[in-house]
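For reference, the chains in residue letters:
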Amino acid sequence: MDKKWTLDSVLEIYNKPLMELIYEAATTHRLNHNPLEVQISTLLSIKTGGCPEDCGYCPQAARYHTDIEKNDLMSVSQVKAQALRAKSNGSSRLCMGAAWRNIQNNEEFDQVLEMVETVNGLDMEVCCTLGMMTEEQAKRLADAGLYAYNHNLDSSEDHYKEIISTREYDDRIKTIENASKAGISVCSGGIIGMGETDGDRCSMLVTLANMSPQPKSVPINALVAVEGTPLEEQKPVPIWDMVRMVATTRIVMPEAVVRLSAGRTDMTDEGQSLCFMAGASSIFAGDKLLTTPNPDVKNDMKLFDVLGLKPKAPFEDGDQPVSNSGYKECMSTKGNVKWSRPDHKIERNEEAKSKAKVARKELSK
Ligand code: SAM
Ligand code: DTB
Ligand code: SF4
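Reading the values: the criteria
By convention here, each chain's residues receive numbers from 1 onward along its written sequence. Whichever chain is written first becomes A and whichever ligand is written first becomes 1, with later ones labelled in order. Selection of residues for local features in this predicted model requires a pLDDT of at least 70, selection of side-chain atom pairs for listing and counting requires 80 or more, and totals for whole chains, interfaces and linings are taken over all residues. Helix and strand definitions here come from DSSP, where helices need a minimum of 4 consecutive H or I residues and strands a minimum of 2 consecutive E residues; each element is numbered from the N-terminal end. Contact between two residues is assigned whenever their backbone-derived C-beta positions fall within 7 Å. As a rule, any residue with its backbone-derived C-beta atom within 6 Å of a molecule or strand is reported as near that molecule or strand. Side-chain classes follow a simple rule in which Ala, Val, Leu, Ile, Met, Phe, Trp, Tyr, Cys and Pro form the nonpolar group, Asp, Glu, Lys and Arg form the charged group, and the remainder, Gly included, forms the polar group. An axis is simply a line fitted to the C-alpha atoms; with a helix, the fit covers only the stretch in contact. Between two such axes, the angle follows the N-to-C directions and lies from 0 to 180 degrees. Angular relationships are summarised with four words: roughly parallel below 35 degrees, roughly antiparallel beyond 145, roughly perpendicular across 65 to 115, and oblique for the angles in between. We call a crossing left-handed when the near helix sits turned anticlockwise from the far one by less than a right angle, and right-handed when that turn is clockwise. Put simply, a nonpolar core is a cluster of buried Ala, Val, Leu, Ile, Met, Phe, Trp, Tyr and Cys residues tied together by C-beta atoms within 7 Å. Three exposure classes are used, all based on how many other C-beta atoms lie within 10 Å of a residue's own C-beta (placed from the backbone): buried at 20 or more, exposed at 12 or fewer, and partly exposed between those limits. Here, any two strands with at least 2 DSSP bridges between them count as paired. Handedness of a crossover: with both strands directed away from the viewer, a clockwise path from the first strand across the helix to the second marks it as right-handed.

Novice: Go over unusual backbone geometry with me, naming the residues and quoting the values.
Specialist: Cis peptide bonds are those with omega within 30 degrees of zero, and the linkage from serine 212 to proline 213 qualifies with 0°. Its place among the elements puts proline 213 in the loop between α8 (198-209) and β7 (217-222). One non-glycine residue, phenylalanine 315, adopts positive backbone phi at about 60°. Residue placement: phenylalanine 315 occurs in the loop between β10 (310-311) and β11 (328-331).

Below, the structure written as structure tokens:
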């Protein structure tokens, strides 16, 4: 039976002397991963702003007065162009985010399925974060070639109520289960710096670590306190808290990719290096997260050089999904990508798939 974590046992790890904590996390990291590889992932906001939810941290909630540029759903061709750009900058994963409460079964969802199939066809790991999702919708995304679904718990169940009132913690857990049942790799983590206690942070980790299977990917975000949101006055998170959180996450979820996510613009190179030492194995790169700024990718690459890190190739932790949704890409007269031949199945045989995997590994050396 899987080990069950308790709040006391996780708090004990979180509160260790920092040097001990980093050493233990670095050891766990080495036993489960190549410590010199860090995955570069790019975020793309495919539909920005106007969200009906009231998440207290989020600049995209319609009810807050923030200075973001709202956008309707991007076209498939725009997404393809952005994905190619991300790939050429070293990203092996694209995470597409929409400011939706939940997925709806409409033409916009069909368009997202086309985006998923297109980006999977570029041999990148495709992740989506589209809000709540039913099992049926998860299956359609899996069929289109979705690799991962991001749905954060954000905080402990208790603290969640202080931050969001328009949905329940259990709604989040249900969507995570739906992704898992459809065979999609789960990406779920949270935010620190929202006025929570150390107990709240560790309680969130207990919930994640006791999931079966554990999430394959755990983003740890430092709050980006955006003007106009209820959390605009929050003080920046001390780097030591970020290191502790990353290290504890690494120890309780040894096999997961731990993502050093929002908040890097406020961190020094040395602070980020401690996070890598403590087991962070991915960053979001590119000049923007979803709506807020992110460090320059050239600086990230300089830091990788200094530390001897290299970008990780796609699909090292799981097979590339076969896009099987029955769409086939072709160009419309307007130049937007459209789809035809709904019964056509795109399949790659096993030999071709394993050859592609070996080639990608060689390329990443
Ligand atoms: N609407 C979808 C949802 O809520 O699941 C997807 C998009 S939402 C922006 C994705 C995640 O971004 C949130 O769950 C939250 O963890 C993170 N996030 C949003 N605003 C943030 C902020 N200001 N600082 C740090 N993380 C943030
Ligand atoms: C995650 O945990 N962090 C990313 C990704 N998953 C979707 C999003 C961070 C958003 C930060 C605020 C913004 O740029 O709007
Ligand atoms: Fe909407 Fe997601 Fe932002 Fe919450 S976090 S307001 S659900 S976009």
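Novice: Describe in detail the environment of glycine 97, supporting the description with residues and values.
Specialist: Structurally, the position occupied by glycine 97 is in strand β2 (residues 93-98). For the pair formed by glycine 97 and serine 45, sequence separation is 52 residues and the distance between their alpha carbons is 4.8 Å. Those residues in contact with glycine 97, other than ones at most four positions away along the chain, are Leu43, Ser45, Ile46, Thr129 and Leu290.

Novice: Outline the site of ligand 1, supporting the account with residue identities and numerical values.
Specialist: Around ligand 1 lies a shell of 18 residues, among which Thr129, Asn152, Asn221, Val224 and Ala262 are the nearest. Of the residues belonging to the shell around ligand 1, the class tally is 10 nonpolar, seven polar and one charged.

Novice: Outline the site of ligand 2, supporting the account with residue identities and numerical values.
Specialist: Taken together, 17 residues form the shell around ligand 2, and within it Pro219, Leu289, Leu290, Thr291 and Thr292 come nearest. Those elements that place two or more of their residues in the shell around ligand 2 are β2 and β7. Across the shell around ligand 2, the residue classes break down as eight nonpolar, nine polar and no charged.

Novice: For the environment of glutamate 270, give the residues involved together with the corresponding values.
Specialist: Topologically, glutamate 270 is positioned in helix α10 (residues 269-277). Taking the C-alpha atoms as reference, glutamate 270 lies 9.9 Å from isoleucine 239; in sequence the two are 31 residues apart.

Novice: Talk me through the packing of α8 against helix α9 (residues 239-252); I want residue IDs and the actual numbers.
Specialist: Following both chains from N to C, one finds α8 and α9 inclined at 25°, their axes separated by 10 Å at the closest point. With respect to α9, the axis of α8 lies roughly parallel. When you trace α8 past α9, the crossing you get is right-handed. Here α8 contributes Arg201, Leu205 and Ala209 to the contact with α9, which in turn contributes Met245, Thr248, Thr249 and Val252. Its residues assigned to classes, the contact of α8 with α9 comprises four nonpolar, two polar and one charged.

Novice: Tell me about the nonpolar core, and please be specific about residues and values.
Specialist: Within the largest apolar cluster, 94 residues are counted, with the highest numbers of intra-cluster contacts made by Leu94, Val116, Cys128, Leu146, Tyr149, Ile184 and Val246. The greatest single-element share of this core, amounting to seven residues, is contributed by α9. The contact partners of valine 246, leaving out residues within four places of it in the chain, are Ile220, Val258, Leu260, Cys275, Ala278, Gly279 and Ala280.

Novice: For the pairing of strand β1 (residues 37-47), give the residues involved together with the corresponding values.
Specialist: Of all 11 residues in β1, 10 are buried; the element is thus mostly enclosed. In this structure, β1 lies alongside β10, joined through two bridges in parallel fashion. Residue pairing for β10: valine 38 is matched across the bridge by proline 311. As defined by bridge partners, β1 adjoins β2 across six bridges and the pair is classed as parallel. Paired with serine 45 across the strands is glycine 97, a residue of β2. Between the parallel pair β1 and β2, the chain is carried across by helix α3 (residues 76-88), and the sense of this crossover is right-handed.

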